[in-house]
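Next come the chains, spelled out residue by residue.
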Amino acid sequence: MNTFFAVFLGYLIGSVPFAFLLSRRRGIDLRRVGSGNVGASNVLRTSGVPLAVVAMCLDGVKGAVAVLVAERIAPGPTPPVAAGLASVVGHIYPIWLGWRGGKGVATSAGMFAVLAPAPLAIATAVFVMCVSVTRYVSVGSLAAVVTLAVATAVSHAPTPVVAGATLTALLVIYGHRGNVARLRSGTERRIGERVLPHEITSR
């Protein structure tokens with residue numbers, strides 16, 4: 001019962017749409033501009049760096065809090081991983097926004113900042129390097145989640161953590177399927193390319 005409660009709380013925590021709420025205060029509905037994604041990357045395109053950094057940090061806190069709460073209320077190594085995954089699912093599919101959320105990258109980072117900080121550091125370095133070279137956030141995100149899954153396995157992290165990293169990578173990769181299509185067609189936006197609020201998404 002405690003595990004179920006931890007997972008349920010994890011989903012609710014993850015489903016708080018911070019990026020949407022922050023942008024809404026500026027009169028911007030993220031669902032209708034840029035990529036249509038309710039996450040920090042679309043905040044960056046529509047509102048600039050400062051607000052995007054705040055959104056990213058808050059999204060990361062969601063993943064970390066979900067894990068920390070689960071550690072307090074449910075014993076064993078599996079409940080924190082399950083709660084962290086639930087927070088990522090909540091971020092991607094928030095009940096409050098008709099199941100349309102973000103890509104789950106920052107929330108995943110917060111989750112593994114608690115569960116596997118060393119592999120996360122490696123994945124973060126890969127993210128920064130890929131974004132610096134390509135200027136595509138999506139490329140950095142995809143490379144980072146794959147790196148995280150491999151790094152947890154190589155570092156002999158607990159089996160639930162390795163499984164969680166693998167499932168997280170699959171969730172994030174699936175969420176980026178539109179980005180992959182745009183990368184292949186050459187229409188993916190590079191970092192720094194701003195989107196005006198009136199630009200309605202085709203998503």
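That block above? That's the structure.
Everything numeric here is computed off the predicted structure, so don't read it as measured data. (Residues numbered from 1 in each chain as written. Predicted model: local features only at pLDDT ≥ 70, side-chain atom pairs only at ≥ 80, totals over all residues. Heavy atoms only, no water.)

Our next topic: the overall build of the protein chain. Per the secondary structure count, the protein chain includes 10 helices and zero strands. The order of helices and strands in the protein chain, counted from the N terminus, is α-α-α-α-α-α-α-α-α-α. The proportion of buried residues among the 203 residues of the protein chain is 49%. In the protein chain, 68% of the contacts between residues at least 6 apart in sequence involve partners at least 24 apart. Both charge centroids of the protein chain, one from 18 positive and one from 6 negative side chains, sit 3 Å from each other. (Helix = DSSP H or I, 4+ residues; strand = E, 2+ residues; numbered from the N terminus. Buried < 20%, exposed > 50% of the residue type's maximum accessible area, 1.4 Å probe, protein only. Contact = heavy atoms within 4.5 Å. Lys, Arg positive; Asp, Glu negative; His and termini not counted. Charge placed at Lys NZ, Arg CZ, Asp CG, Glu CD.)

Next up on the list: a nonpolar patch on the surface. A cluster of nonpolar side chains, Tyr93, Ile95, Trp96, Trp99 and Tyr174, forms an exposed patch at the surface whose accessible area comes to about 570 Å². Inspection of the secondary structure assignment puts Trp96 in the loop between helix 5 (78–92) and helix 6 (105–115). You can call Trp96 exposed: its relative accessible area is 53%. (Patch = residues over 30% accessible without salt bridge, like charges linked within 9 Å, V, L, I, M, F, W, Y side chains within 5 Å. Areas by Shrake-Rupley, 256 points an atom, 1.4 Å probe, with all protein chains shown as cover. Salt bridge = Lys/Arg side-chain N within 4 Å of Asp/Glu carboxyl O.)

This paragraph deals with the packing of helix 1 (residues 2–14) against helix 5. Contact geometry of helix 1 with helix 5 gives a least axis separation of 6 Å together with a crossing angle of 30°. As summarised for this structure, helix 1 and helix 5 are arranged roughly parallel, according to the angle between their axes. You can see that helix 1 and helix 5 cross each other, and the crossing is right-handed. Judged by residue contacts, Thr3, Ala6, Val7, Gly10, Tyr11 and Gly14 of helix 1 engage Pro79, Ala82, Ala83, Ala86, Ser87, Val89, Gly90 and His91 from helix 5. (Axes fitted to C-alpha atoms, helices over the stretch in contact; angles between N-to-C directions. Parallel < 35°, antiparallel > 145°, perpendicular 65-115°, else oblique. Left-handed = near helix turned anticlockwise from the far one by under 90°.)

Let us now look at the side chain of Thr107. Position of Thr107 relative to the elements: it lies in helix 6. You can call Thr107 buried: its relative accessible area is 0%. Side-chain polar atoms of Thr107 contact the backbone oxygen of Asp59, separated by 3.2 Å. Setting aside its immediate chain neighbours within four residues, Thr107 contacts Asp59, Gly60, Lys62, Gly63, Ser87, Val88 and His91. (Polar contact = N/O pair within 3.5 Å; in protein donor to acceptor, adjacent residues only side chain to side chain.)

A few words now on helix 1. When the terminal C-alpha atoms of helix 1 are compared, their 18 Å separation across 13 residues agrees well with the 18 Å that a helix rising 1.5 Å per residue should span. On its buried face, helix 1 sits against helix 4 (49–73) and helix 5. (Expected span 1.5 Å × (residues − 1).)

Now for the packing of helix 6 against helix 9 (residues 159–175). Axis angle and axis distance: for two packed helices, these are the angle between their axes and the distance between the axes, and together they describe the pair. Interhelical geometry of helix 6 versus helix 9 gives an angle of 170° and a closest axis separation of 11 Å. As the angle between them shows, helix 6 and helix 9 are arranged roughly antiparallel. Residues Val105, Ser108, Met111, Phe112 and Leu115 of helix 6 form the contact with helix 9, whose own contacting residues are Val161, Gly164, Ala165, Thr168 and Val172. Grouping the amino acids of the contact of helix 6 with helix 9 by side-chain chemistry returns seven nonpolar, three polar and no charged. (Nonpolar A, V, L, I, M, F, W, Y, C, P; charged D, E, K, R; others polar.)

In terms of nonpolar packing, the biggest core is built from 21 residues, with Val81, Met111, Phe112, Leu115, Leu148, Val161 and Ala165 touching the most fellow members. Of all the elements in the fold, those that place two or more residues in this core are helix 5, helix 6, helix 7 (117–134), helix 8 (137–154) and helix 9. Setting aside anything within four residues of it in sequence, one finds Val161 in contact with Val81, Phe112, Leu115, Ala116 and Thr152. Membership of the second largest hydrophobic core comes to 14 residues, among which are Val43, Leu44, Leu51 and Ala55. (Core = buried A, V, L, I, M, F, W, Y, C linked by side-chain atoms within 4.5 Å.)

Attention now goes to the pattern of salt bridges. Between side chains of opposite charge, a pair can form as their charged atoms come close. One pass over the full model with this rule turns up three salt bridges. Its salt-bridge partner being Arg182, residue Glu188 comes within 2.9 Å of it at the nearest N-O pair. Residue classification places Glu188 among the buried residues on the basis of a relative accessible area of 7%. Residue Arg182 is classed as partly exposed on the basis of its relative accessible area of 28%.

Attention now moves to helix 8. End to end, helix 8 covers 25 Å across 18 residues, agreeing with the expected 26 Å (1.5 Å per residue, within 8%). The set of residues buried in helix 8 consists of Val137, Ser138, Gly140, Ser141, Leu142, Ala144, Val145, Thr147, Leu148, Ala149, Ala151 and Thr152. Where the residues of helix 8 are buried, they touch helix 3 (40–47), helix 6, helix 7, helix 9 and helix 10 (177–185). Note on helix 8: the residue one or two positions beyond its end, His156, has a positive phi of about 60°.

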